[in-house]
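# Structure assessment
Each chain is listed here by its residues.
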Amino acid sequence: MTVERLTQLFAERRRDGRTVLVVYLCVGDPSVEDSRACALAALEAGADALELGVPYSDPTADGPVIAAASYRAIQNGGSMKSALDVARAVRASSDAPIVLFGYYNPIMAHGDDVLPADAAAAGVDALLIVDLPPEEGRSLRDAAEAARLAVVPLLAPTSDADRERAVLARASGFVYYVSMTGVTGAGHAPLEEAGRSATRLRVRAGLPVVVGFGIDSPQKARAVADQGVDGVVVGTAIVRAMAEQETTPERVRAVGDLVRSLRLALDAS
Amino acid sequence: MSASSRTGDASNKVTGRGPYYGEYGGRFVAETLVPALVELERAYEDLASSEAFQSEWRSMLADYVGRPTALYRADRLARAIDPSGDKLAELWLKREDLCHTGAHKINNALGQVLLAKKLGKTRIIAETGAGQHGVATATACAMMDLPCEVYMGELDVARQAPNVARMNMLGARVIPVTAGSRTLKDAMNEALRDWVTNVRTTHYCVGSAAGPHPYPAIVADFQRVIGDEAREQLAQKIGALPDAVVACVGGGSNAIGMFRAFIDEDVHLYGVEAAGEGVESAKHAATLTAGRVGVLHGSRTMVLADDDGQILEAHSVSAGLDYPGVGPEHAALKRSGRATYLTATDEDALEATRQVAHTEGILVALETAHAFARLADIAEREHARLGRSAVVALCLSGRGDKDLSTLLERLAP
Ligand SMILES: Cc1ncc(COP(=O)(O)O)c(C=O)c1O
C-alpha cells in the first residue's frame with residue numbers, strides 16, 4: 001500500500017467533505033506499550049492517521065512538552081526500533097496510514113538506505129523528517145522511492161516561491177504546512193491565516209495539505225479545518241493529555257476522549 | 001623551510017565555502033530556517049566581501065579589539081617541555097588572550113553582529129559554553145546597540161560565573177538552560193528554538209565553526225585573521241613558516257582560524273580535543289577521535305552518539321570544549337589526513353595550566369590548556385617527522401580568569 005494508502009485516505013475524506021485528523025504520539029513516552037495502546041485508542045476514537053514520533057535527544061523543532069516527552073521516551077525504550085514495532089502492531093489491526101516522524105540522526109544511525117524498506121515492512125507509509133530539507137538526504141529519498149514510501153515535505157510561513165519549488169519538486173503523499181515560525185506546542189500560531197495559506201498552497205502543490213503546530217483544542221482544529229485544508233495534526237495536546245495521567249488505562253481513556261472531541265468538532269457541520 | 005615537497009595533493013585539500021567539506025557539512029535544519037540561512041549566505045557573499053564591510057570590521061579589530069595580537073616566543077616553557085631543545089626549538093604563542101574580552105571569540109562576534117546590523121536584524125541571540133562567546137557577543141551588541149540574549153547551560157552558568165556576571169554588566173540577558181546535560185549542546189538547542197520562533201527579526205550569532213551552512217564558512221573566515229597574522233609575524237621574526245601549528249578544538253573556530261593560513265603549506269596541523277576523564281571512560285568530548293558520523297545542530301559531521309542515533313553527553317573540565325559535535329571542516333581535515341587530532345584529559349589540561357602560569361606568567365583558559373598539554377608529544381612527532389628540532393606555533397585562544405573557581409577547586413596552588 002504505502003503512498004497509495006495516504007492518497008486514498010485524502011481522496012475519500014475530501015469526497016465526503018471531512019477533514020483528516022492526524023494524531024502524533026512520542027513512541028516510548030511513558031512506555032512503548034503505552035504508545036501502542038494509545039495509538040490504537042486514537043484510531044478507534046476517530047483519528048484517520050498516525051504520526052509515530054521517533055524520540056530524539058536533541059529535538060530542536062519541538063517545544064518543551066514534546067522535548068520532555070522525548071527525553072522520557074528515550075529513558076523508557078523509545079527508539080527507531082520500538083517505533084517500527086509499534087507501527088507493526090498497529091498495522092496488524094488497522095489500515096490507517098502511518099507516518100514515521102522524527103529527526104535525521106536516528107535515521108542515519110539505522111542506515112539511510114535500509115530504513116525505508118524496514119519501515120515499509122513494518123507498515124509505515126511515509127517518512128517525515130523535520131531537519132531534512134530537500135537538498136539533503138538523497139540516498140534516503142532514493143531508497144524511500146524504491147520502497148514506495150512518501151517523504152513528506154514541510155513548508156513554513158517563511159517559505160518563499162523558491163523554497164516552495166525546491167520543496168515540492170520531489171514531494172509525494174501530502175504536504176505538511178507548519179502553522180507558524182516556532183516550535184511544536186507554541187501558543188501563538190495564527191491558525192486561521194495558516195489554514196488559508198495552506199489552502200492556497202494546496203492548489204499550487206497539487207497535493208493534499210495538512211496543517212500542524214499549535215493545534216491543541218477542538219476549537220482550533222475546527223478553525224483551521226474551516227479554511228479548507230485537507231487535514232490537521234494534533235501532537236502536543238495528545239502528549240500532554242497522556243502525561244497528565246498515572247496509568248495506562250487512564251492514558252488510553254484520555255487519548256480516546258481528546259480524539260473523540262477533535263473528531264466531533266471537525267465533523268460538525 | 002618555506003616551499004616544500006610534502007604539500008598535500010589536491011584531493012587532500014578542503015576548499016571553498018560550499019555547503020560541504022568533502023562529505024561533511026550541509027544544512028540540516030527545519031524548513032522554517034532555510035530562508036534565513038539562504039539570506040545570511042547571500043548577505044555574507046555580497047556584503048561581507050565588500051570593501052566597505054571589510055574596512056569597517058578591520059578597523060574594529062584594530063582599534064577596539066587590539067589587533068594584531070602579539071606573537072610571543074615562550075622560551076621558558078619550551079625549555080620546561082624539552083630541556084635540551086633537541087625536539088622543540090622554538091615555541092610561538094599567538095596571543096588571542098590579549099584580545100578585548102580575553103579570547104578569539106570577539107573576532108567572529110563583531111563580524112556577525114555587524115553583518116546582522118546590515119541585514120536589518122533587530123535582535124541578537126547566541127549560545128555559549130565557557131561564556132567567552134557570550135561575553136564577546138554581548139560586547140559587540142553593546143557597542144553596536146542591539147539587544148542580546150545568550151543561552152547558557154545551567155552547569156556552565158555555575159562553573160563560569162565570572163563570565164555570566166560580565167554578560168549581565170554588558171546589558172545582555174543570560175538564559176540558563178536546564179535541559180539535557182545543561183551544557184553547550186543544550187544551549188545551542190535552545191538558541192535554535194528561539195531562532196525558529198523569531199527568525200524574521202533575530203540573528204543567531206553562532207560561536208564556533210559549527211552549525212548549518214553558511215555558519216562554518218563565515219566563522220572560519222572571521223577567525224582566519226588569527227593564522228594570517230601569525231604567519232606574517234613569523235615571516236618578520238624568523239623569516240619562515242612554522243613546522244607545525246597547534247590549537248584546541250571545541251567546535252573548532254580558533255583551530256580553523258589558525259589552520260587556514262597554513263593549509264596549503266608544508267605545515268603540520270594539530271588539533272587537540274578534550275578527553276575529559278579519558279577517551280575510554282565514556283566521559284569525554286573527543287568527537288573526532290572517538291565519535292561517529294552523524295548530524296548535529298544542522299551539519300553532517302562527527303558526533304558522539306549511541307547506536308540508536310541519540311547524541312551522548314560530552315564531558316570536559318572546560319566548558320568551551322564540552323560539546324559532542326565539531327565543525328564539519330575539521331571532520332573533513334581529519335578524514336583526509338591533512339590535520340592530526342590528539343586529545344588531552346582534564347588532568348593534563350589542569351597540569352598544563354599550572355605549567356604555563358609558572359613558566360611564562362600567563363594564565364590560560366582551560367580550553368587552551370588542552371593544546372599546551374600535547375606540546376611535548378607534538379614536539380616528539382615533529383622531531384620524528386623532520387629529523388630536527390621543530391618550530392611550533394600555538395593558538396593561545398583565551399585567558400583563564402573565568403576558570404579561577406575551577407582551578408582553585410582542582411589545583412592545589
Ligand atoms: C578560550 C577558548 N578557547 C577555545 C574555545 C573552543 O571553541 P573553538 O573550538 O570554537 O575555538 C573556547 C570556547 O568557548 C574558548 O573560550
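Each chain has its residues counted from 1, running along the sequence as written. Chain A is the first chain written and ligand 1 is the first ligand written, with later ones labelled in order. Residue-level local features of this predicted model are given only where pLDDT is at least 70; pairs of side-chain atoms are given and counted only at 80 or more, and the full residue set underlies all totals for whole chains, interfaces and linings. Hydrogens and waters are ignored; side-chain quantities use all the structure's heavy atoms.

## Re the pattern of salt bridges
Salt-bridge detection follows one rule: a side-chain nitrogen of Lys or Arg within 4 Å of a carboxyl oxygen of Asp or Glu. Tallied over the full model, the rule gives 61 salt bridges over all chains. Across the salt bridge formed by Asp58(A) and Lys185(B), the nearest N and O atoms sit 2.7 Å from each other. You can see Asp58(A) sitting in the loop between strand 2 (49–53) and helix 3 (64–75) and its partner Lys185(B) sitting in helix 8 (residues 184–198), one on each of two chains. On the basis of relative accessible area, Lys185(B) is assigned to the buried category, the value being 4%. With a shortest N-O distance of 3.3 Å, Glu145(A) and Arg170(A) are connected by a salt bridge. Of this pair, Glu145(A) sits in helix 7 (residues 138–146) while Arg170(A) is found in the loop between helix 8 (161–168) and strand 7 (175–178), placing the two residues 25 residues apart along the sequence. Overlapping salt bridges bring together Arg13(A), Arg18(A), Asp48(A), Arg263(A) and Asp267(A) as one network. What counts as a helix is a DSSP run of H or I of at least four residues, what counts as a strand is a run of E of at least two, and both are numbered from the N terminus. Per-residue accessibility, obtained with a 1.4 Å probe over protein chains only, is compared with the maximum for each type, and a residue is labelled buried under 20%, exposed over 50%, and partly exposed between these values.

## Topic: unusual backbone geometry
Geometrically, the link from Asp29(A) to Pro30(A) is a cis peptide bond, its omega value of -5° lying close to zero. Looking at the secondary structure, you find Pro30(A) in the loop between strand 1 (20–26) and helix 2 (32–44). Residue Pro214(B) is bonded to the preceding His213(B) through a cis peptide linkage, with omega at 10°. With respect to the helices, strands and loops of the structure, Pro214(B) is situated in the loop between strand 8 (202–205) and helix 9 (215–223). Not every positive phi belongs to a glycine, and Arg148(A) is a case in point at roughly 60°. Inspection of the secondary structure assignment puts Arg148(A) in the loop between helix 7 and strand 5 (150–151). For Ala282(B), which is not glycine, the phi torsion reads 70° and is therefore positive. As for its position among the elements, Ala282(B) is in the loop between strand 10 (268–276) and helix 12 (287–290).

## Structural notes on the site of the ligand
Residues and elements named next belong to chain B. Residues are counted as near a molecule or strand when any one of their heavy atoms sits within 4 Å of it. Taken together, 18 residues lie around the ligand, and Ser208, Gly250, Gly252, Ser253 and Ser397 are the ones closest in. Within the backbone of glycine 251, a nitrogen or oxygen atom sits 3.2 Å from an oxygen atom of the ligand. Measuring from an oxygen atom of the ligand, one finds a side-chain N or O atom of asparagine 254 at 2.8 Å. All accessibility values rest on the Shrake-Rupley procedure with a 1.4 Å probe; residue burial counts only the protein chains present in the view. Contact with the protein chains removes 98% of the 390 Å² of surface that the ligand exposes when unbound. Side-chain atoms alone can form a polar contact between residues adjacent in sequence; in general such a contact is a pair of N or O atoms within 3.5 Å, and within protein one must be able to donate a hydrogen while the other accepts it.

## Side note on the domain arrangement of chain B
Residue and element names in this part refer to chain B. Segment limits for the domains were obtained from an automatic or database-derived domain assignment. In terms of domain boundaries, chain B breaks down into domain 1 (3–62 + 105–216) and domain 2 (68–102 + 223–410). On a C-alpha basis, the centres of domain 1 and domain 2 stand 21 Å from each other. The contact rule is simple, with two residues in contact once any of their heavy atoms fall within 4.5 Å. Across the boundary between the two partners, domain 1 contributes 47 residues, which contact 51 residues of domain 2. If you look at where domain 1 meets domain 2, you find three salt bridges. A salt bridge links arginine 159 to aspartate 322; the shortest N-O distance between them is 2.6 Å. Inspection of the region where domain 1 meets domain 2 yields 17 residue pairs in polar contact (both at pLDDT 80 or more). Looking at the side of domain 1 that touches domain 2, the elements with two or more residues in it are strand 2 (24–25), helix 2 (51–65), helix 4 (105–118), helix 5 (132–144), helix 6 (154–159), helix 7 (161–169) and helix 8.

## Considering the interface of chain B and chain A
The interface is formed by 30 residues belonging to chain B together with 34 residues belonging to chain A. Regarding the contact of chain B and chain A, the summed buried area is about 2,600 Å², with carbon and sulfur atoms giving 52% of it. Summed over both partners, buried area is the accessible surface (1.4 Å probe) that two parts give up on being assembled. Of all residues in chain B, the largest losses of buried area upon contact with chain A belong to Glu31(B), Arg193(B) and Gln310(B), amounting jointly to 25% of the total for that side. Run the count over chain B and chain A and you get two salt bridges. For the interface between chain B and chain A, the tally reads 16 residue pairs in polar contact (both at pLDDT 80 or more). Taken together, the elements giving at least two residues each to the side of chain B that touches chain A come down to helix 1 (34–48), helix 8 and strand 11 (292–296) of chain B.

## Focus: the sheet that holds strand 10 of chain B
Residues and elements named next belong to chain B. What makes two strands pair is DSSP finding at least two bridges between them. Read across the sheet, six strands follow the order 3-4-14-9-10-13 without closing on themselves; strand pairing throughout is mixed. Unpaired on one side and paired on the other, strand 3 (71–73) and strand 13 (339–345) mark the two borders of the sheet. Here the strands of the sheet are splayed against their neighbours by 25° on average, with no regard to which way each runs. Pairing between strand 10 and strand 13: seven bridges, direction parallel. Bridge pairing in strand 13 links valine 272 to leucine 342. For every element, the axis is a line fit to its C-alpha atoms; helices are fit only across the contacting stretch, and the angle between N-to-C directions ranges from 0 to 180 degrees. Contacts from helix 14 (residues 346–360) reach strand 3, strand 10 and strand 13 within the one sheet, and its direction differs from that of strand 13 by about 90°.

## Let's talk about the confidence of the model for chain B
Residues and elements named next belong to chain B. Of the residues in chain B, 95% reach a pLDDT of 70 or more, and the chain-wide mean stands at 94. For every residue, the predictor assigns a confidence score, pLDDT, that lies between 0 and 100. Low pLDDT, under 50, characterises residues 1–17; the predicted model gives this stretch 25 contacts beyond four residues in sequence or across chains. Note on the complex model: pTM 0.95, ipTM 0.96.

## As for the packing of helix 11 (residues 236–243) of chain A against helix 12 (residues 248–267) of chain A
Two quantities define a packed helix pair, namely the angle between the axes and the distance from one axis to the other. Residue and element names in this part refer to chain A. Here helix 11 crosses helix 12 at 145°, and the two axes come no closer than 8 Å. Crossing handedness for the pair helix 11 and helix 12: right-handed. Residues Ala237, Ile238, Ala241 and Met242 of helix 11 form the contact with helix 12, whose own contacting residues are Arg251, Ala254, Val255, Leu258 and Val259. Considering only residue class, the contact of helix 11 with helix 12 consists of eight nonpolar, no polar and one charged. Definitions for this section: a left-handed crossing has its near helix turned counterclockwise from the far helix by less than a right angle. A right-handed crossing has that turn clockwise. Amino acids outside the nonpolar list (Ala, Val, Leu, Ile, Met, Phe, Trp, Tyr, Cys, Pro) and the charged list (Asp, Glu, Lys, Arg) are all regarded as polar, and Gly is one of them.

## Focus: a nonpolar patch on the surface
Patch membership is restricted to residues that have no salt bridge and whose relative accessible area is over 30%. Joining uses 9 Å for like charges and 5 Å for the nonpolar side chains Val, Leu, Ile, Met, Phe, Trp and Tyr. There is a patch of nonpolar side chains on the surface, built from Leu363(B), Leu404(B) and Leu408(B) and spanning about 280 Å² of accessible area. Tracing the chain through its elements places Leu363(B) in the loop between helix 14 and helix 15 (366–373).

## Remarks on the sheet that holds strand 7 (residues 173–177) of chain B
Each strand in a sheet pairs with another by means of backbone hydrogen bonds, the pair being arranged parallel or else antiparallel. All names here are of chain B. Spatially, four strands are ordered 7-6-5-8 in an open sheet, and the strand pairing comes out parallel. A strand with exactly one partner marks an edge of an open sheet, and here the two such strands are strand 7 and strand 8. Put simply, the sheet's adjacent strands are angled 25° from each other on average, direction ignored. When strand 5 (residues 123–128) meets strand 6 (residues 148–153), the two strands line up parallel, connected through five bridges. Counterpart to threonine 128 in the pairing with strand 6 is methionine 152.

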